Each structure stands twice: as C-alpha cells, then as structure tokens.
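Close look at the chain arrangement
The chain contents come next:
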Amino acid sequence: MNDDVRNIVLGVIATAVSGGFGWFSRTYLWRRALRRKQAFFGLPTGADCVFVVNRQMGGNDSSLHRSDAFALLEVSALIKDCGANVQIVTHDGARQGFGERAEFCVGGPASNTRTVAHLASMLPGVRMAVSDEPAADRGAIVVGGESYRWQKGLVEYVLLARLTSGRGSRPVFLLCGQTANSNQAAARYLAKHHVHLARTYGEESFCILLKVINSDAYGPDVTELVADVTAPARTPVAAVA
C-alpha cells in the first residue's frame, strides 16, 4: 500500500469516525432534551393527557372561541412532540382526580368550572371578578394585594401555572386569562419558553402573570412577563390579609 492509498483510507476512516461521533452527540442531546420536556409536561411516550376546553363567553355551552381553539393547537404540538396522546373534554365534563393524568386547562373561572376548582384548591390567593355587569374591575385578576385590570384591546392579563400535588403526580397546566386572546397568548408563551421555565422551576409548581399588549393590533403575539406570583397565589387570601 503506497502513501496515497494509505492517506485515502485514513481520511475515509477519520470521516466515518467524525460523522459517527457527530450523529451520536446530536442523538444524545436530542434525547436528553426530549426527556426533559417530557418530565416538565408530565408526558412520557405513550402517556395520555386531557385538554379541558372552556365555553365561549356569551355563547352556548358547546361553543368554543376561535382563539381558544388556536390555544388547543399550540398545546397539541407540544403533546405530539412528547409522543403522548390527548383527549379533549369540556369543562363541565372533566371527571378525574388531580395528578392522575397531565392536564391542560384553558379559560378563566367565568367560562371554565374546572378552573374554579383548580383556583380554589391550588391557588387560593387568586381572585377574578367574574360579573357580567360592565364595570372597571370586570375580569380583573387580584393576587398579592394587586389588581390587574383588563383594558379592552389594550392590555390583557393571564395566569400561566404548573400545578402538582407532589412528586410523581402529573401536572396541571392552567391558562387562566381575562380573554380568549390572552389564553392563546399563554399557550404560545408556554410553547416558546418551556425550556426556560423547566430550567427555572424544574418539576415544581409555579404561577406567573403575563401581560398581553395592544391585542387589537398584535393579537396574542406581544406578551411580556409581569411577575412570578407563585407565593401569593398559593397563600389563602385570609392569611395574606
């Protein structure tokens, strides 16, 4: 074997080894990222989860706002990435305990009775004005002694929470907004920032408040983090007072 042939053979071997190592590294990193995503969402491969839909405000019990449907699509993509299965149920038809299956619950207490139960049991420090009467405080989110008011078309607020009853239990993701548009904004924020949220909170419960800006012009696209309200949201109002 002359030097030219030897160099060609060594080059082929080096290329194969380098390519194999690169493939192994990419596969390892992809699998590690997938495991972290599955752990954060409580969705191992083949697991079942439920998506609890609310009813459209002002509509009948079976109607769903277009933006809430878009929120479902945002979340469905995450569920598909994890290799899990989703079952869609109405807010008044969800009959399961807390932590048995991962759950995505969309809508405020005025349109979702399941949200009412989650707020009462897991986030007792949160209050939402649900009166249908026109008023400055209608739809306001009150937490930690602060009131966050909805300004139609200008400012909307939404709570995004990951709730668990302990290690080993599957989480409930609560997207509790003042409007259907803010619900979709929370779903989009979760899809975009779930890696950062997982790094920050791990598999623990959290509750953050988001603000949707100028929804008449930008829809659910311009959203910013207002505050981490986990502590006051989990503290009963009487204790805070």
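Every chain is numbered independently, its residues counted from 1 as its sequence is written. With the structure being a predicted model, the display of local features is reserved for residues of pLDDT at least 70 and the display and counting of side-chain atom pairs for 80 or more, all residues being used for whole-chain, interface and lining totals. As a rule here, side-chain values cover all heavy atoms of the structure and leave hydrogens and water aside.

Attention shifts here to the packing of aromatic side chains. Each pair of aromatic rings taken from Phe, Tyr and Trp, with Trp reduced to its six-membered ring, is defined by centres within 6.5 Å and is described as stacked if the planes are under 30 degrees apart, edge-to-face if over 60, and tilted in the remaining cases. For the structure on display, the rule yields 8 aromatic pairs. Here phenylalanine 40 and phenylalanine 206 contribute two aromatic rings whose centre-to-centre distance is 6.3 Å and whose plane-to-plane angle is 10 degrees, an arrangement assigned as stacked. On the criterion of sequence distance, the pair formed by phenylalanine 40 in helix H1 (residues 3-41) and phenylalanine 206 in strand E9 (residues 206-213) is long-range, its members being 166 residues apart. The rule is simple: take the accessible area with a 1.4 Å probe, protein chains only, and divide by the maximum for that residue type; under 20% is buried, over 50% is exposed, in between is partly exposed. Taking relative accessible area as the criterion, phenylalanine 40 reaches 2% and is therefore assigned buried. Ring-pair connections join several aromatic residues into one group, and the members of that group are Phe40, Phe41, Phe104, Phe173, Tyr201 and Phe206. Here the guanidinium or amino end of arginine 162 rests over the ring plane of phenylalanine 40, the centre of that ring lying 5.3 Å away. Numbering of helices and strands starts at the N terminus; helices are DSSP runs of H or I of at least 4 residues and strands are runs of E of at least 2. Charges are assigned to positions over rings by a cutoff of 6 Å between ring centre and Lys NZ or Arg CZ, combined with an angular limit of 35 degrees from the ring normal.

Let us look at the sheet that holds strand E7 (residues 155-163). Adjacent strands of a sheet pair through backbone hydrogen bonds, lying either parallel or antiparallel. The strand order across the open sheet formed by 7 strands is E2-E1-E3-E8-E7-E9-E10, and the pairing between neighbours is mixed. Every interior strand has two partners, whereas the edge strands, strand E2 (85-90) and strand E10 (223-228), have only one. Adjacent strand axes in the sheet meet at a mean angle of 20 degrees, parallel and antiparallel pairs treated alike. Strand contacts of helix H3 (residues 113-122): strand E1 (48-53), strand E3 (102-106), E7 and strand E8 (172-177), with the helix running at about 110 degrees to E8, the strand carrying the most contacts. Here, strands pair whenever DSSP counts at least two bridges between them. Whenever a helix is involved, its axis is fitted only over the stretch in contact; in every case the axis is a line through C-alpha atoms, and angles between N-to-C directions fall within 0 to 180 degrees. Contacts are residue-level and defined by heavy atoms, with any inter-residue pair within 4.5 Å sufficient.

For the rest of this paragraph, the subject is the packing of helix H2 (residues 66-81) against helix H4 (residues 180-201). Contact geometry of H2 with H4 gives a least axis separation of 7 Å together with a crossing angle of 15 degrees. One element, H2, and the other, H4, form an angle in the roughly parallel class. The element H2 and its partner H4 pack so that their crossing is left-handed. Facing H2, whose interface residues are Ser67, Asp68, Phe70, Ala71, Glu74, Val75 and Leu78, H4 presents Ala180, Asn181, Asn183, Gln184, Ala187, Arg188, Leu190, Ala191 and His194. Residues are grouped as follows: Ala, Val, Leu, Ile, Met, Phe, Trp, Tyr, Cys and Pro are nonpolar; Asp, Glu, Lys and Arg are charged; every other residue, Gly included, is polar. The residue inventory of the contact of H2 with H4, partitioned by class, reads 8 nonpolar, 5 polar and 3 charged. For this classification, under 35 degrees means roughly parallel, over 145 means roughly antiparallel, 65 to 115 means roughly perpendicular, and everything else is oblique. Left-handed describes a crossing in which the near helix is turned anticlockwise from the far one by less than a right angle; the clockwise case is right-handed.

Mapped onto the elements of the fold, serine 205 is located in the loop between H4 and E9. Under the relative-accessibility criterion, serine 205 is labelled buried at 10%. A polar contact of 2.9 Å, which involves the side chain of serine 205, links it to the backbone nitrogen of threonine 164. Beyond its immediate sequence surroundings of up to four residues, serine 205 is in contact with Arg162, Leu163, Thr164, Thr230 and Arg234. As used in this structure description, the phrase polar contact means that two N or O atoms lie within 3.5 Å; if the pair is within protein, one of them must be able to donate a hydrogen and the other to accept it, and residues adjacent in sequence are counted only when both atoms belong to side chains.

So, on to unusual backbone geometry. Of note, the phi angle at asparagine 214 is positive, near 50 degrees, even though the residue is not glycine. In this structure, asparagine 214 sits in the loop between E9 and helix H5 (215-218). Among the residues examined, asparagine 214 registers a relative accessible area of 25% and is labelled partly exposed.

Reading across the sheet, the 3 strands line up as E4-E5-E6 and stay open at both edges, with antiparallel pairing between neighbours. One side of each edge strand has no neighbouring strand; the edge strands of this open sheet are strand E4 (127-128) and strand E6 (146-148). Across 3 bridges, strand E5 (residues 141-143) lies against E6 in antiparallel orientation. When the bridges of E6 are listed, valine 143 appears paired with glutamate 146.

A few words on the pairing of E8. A regular strand places its side chains on the two faces of the sheet in alternate fashion. The buried fraction of E8 amounts to 6 of the 6 residues, a majority that puts the element mostly inside the structure. What you see with E8 is no split at all: Val172, Leu174 and Cys176 on one side and Phe173, Leu175 and Gly177 on the other are buried throughout. Bridging between E3 and E8 involves 4 bridges; their strand directions are parallel. Of the residues in E8, the one forming a bridge with phenylalanine 104 is phenylalanine 173. Across 6 bridges, the pairing between E7 and E8 is antiparallel. Paired with arginine 162 across the bridge in E8 is phenylalanine 173.

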